[in-house]
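Chain by chain, the residues run as shown.
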Amino acid sequence: MGPFAGIGDTLIWVLLPTVMGSISGYMAIKGNPLGAIAWIIVGAILFWIRIKLFDLGYTSGVKLVTDFSDKLSIFTDAMSSFGLMVVGALVSTVVKVYTPLTFVAGKVKLPVQDKILDAIMPSLLAAILTYIVYKMLESKWWTPTKIIIAIIVFSLASSYFGILGIMPNK
């Protein structure tokens, strides 16, 4: 059972629930009840798979490592790429960061968000915020609760000073 623990745990018990939870959560955010139903079905399937793979890993763990070692690295790389694509797509659609700042020079007004940041890369501020949160999670000092509180405090302070604001409907 030991040789597959790193691969199986990462793919089946970390990556798959994260990807499916993200997709189901996004469906639920949009008001689709199939998001919750899909998450329950995925949970049931994963529970059944856990029981079956336990027996398989116990009886033939070492044999599977020697027979399928080349194929597992390809599968692991493909699943990692898929997970990164899903998380990247969710960052750009779910995380919303908007700045109402405007550069003014004489009679010319240049909105920072619309004309500068979105011209470089749409959802650039969301990607930067996500990167900062991931870096904070790598630190031993930052916990998810501390990060949530820091984001709330930063958002309130930035909104008060006019750095961040509510995104207008387009």
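Computed from a prediction, not measured in an experiment: that's the story for all the values here. (Residues numbered from 1 in each chain as written. Predicted model: local features only at pLDDT ≥ 70, side-chain atom pairs only at ≥ 80, totals over all residues. Heavy atoms only, no water.)

**Regarding the overall build of the chain**
Within the chain, the secondary structure is distributed over 5 helices and 2 strands. When the helices and strands of the chain are read in sequence order from the N terminus, they spell out α-α-β-β-α-α-α. Put simply, the chain has 170 residues, and 19% of those count as buried. Across the chain, the fraction of contacts at a sequence separation of at least 24, relative to all contacts at a separation of at least 6, is 61%. Carbon and sulfur atoms form 73% of the exposed surface of the chain, whose accessible area is close to 12300 Å². (Helix = DSSP H or I, 4+ residues; strand = E, 2+ residues; numbered from the N terminus. Buried < 20%, exposed > 50% of the residue type's maximum accessible area, 1.4 Å probe, protein only. Contact = heavy atoms within 4.5 Å. Areas by Shrake-Rupley, 256 points an atom, 1.4 Å probe, with all protein chains shown as cover.)

**Quick look at helix H5 (residues 144–160)**
An α-helix turns once every 3.6 residues. As a result, residues three or four positions apart point the same way. The end-to-end C-alpha distance of H5, which contains 17 residues, comes to 24 Å, matching closely the 24 Å that a straight helix rising 1.5 Å per residue would cover. Of the residues trailing H5, Gly 162 is marked for its positive phi of about 80 degrees. (Expected span 1.5 Å × (residues − 1).)

**Observations concerning unusual backbone geometry**
Residue Ser 123 is not a glycine yet carries a positive backbone phi of 65 degrees. The residue Ser 123 is located in the loop between helix H3 (112–120) and helix H4 (124–138) in this model. Overall, Ser 123 belongs to the partly exposed group, its relative accessible area being 25%.

**Things to note about the packing of H4 against H5**
Across the interface, H4 lies against H5 with an axial gap of 10 Å and an inter-helix angle of 145 degrees. Where H4 crosses over H5, the handedness of that crossing is right-handed. Taking contact as the criterion, the partners of Val 133, Met 136 and Leu 137 in H4 are, on H5, Pro 144, Ile 147, Ala 150 and Ile 151. Across the contact of H4 with H5, the residue classes break down as 7 nonpolar, no polar and no charged. (Axes fitted to C-alpha atoms, helices over the stretch in contact; angles between N-to-C directions. Left-handed = near helix turned anticlockwise from the far one by under 90°. Nonpolar A, V, L, I, M, F, W, Y, C, P; charged D, E, K, R; others polar.)

**As for the confidence of the model for the chain**
When pLDDT is averaged along the chain, the result is 82; 88% of the residues meet or exceed 70. Mean pLDDT across the secondary structure elements of the chain bottoms out at helix H1 (residues 5–29), with 76, and peaks at H5, with 93. (pLDDT = per-residue confidence, 0-100.)

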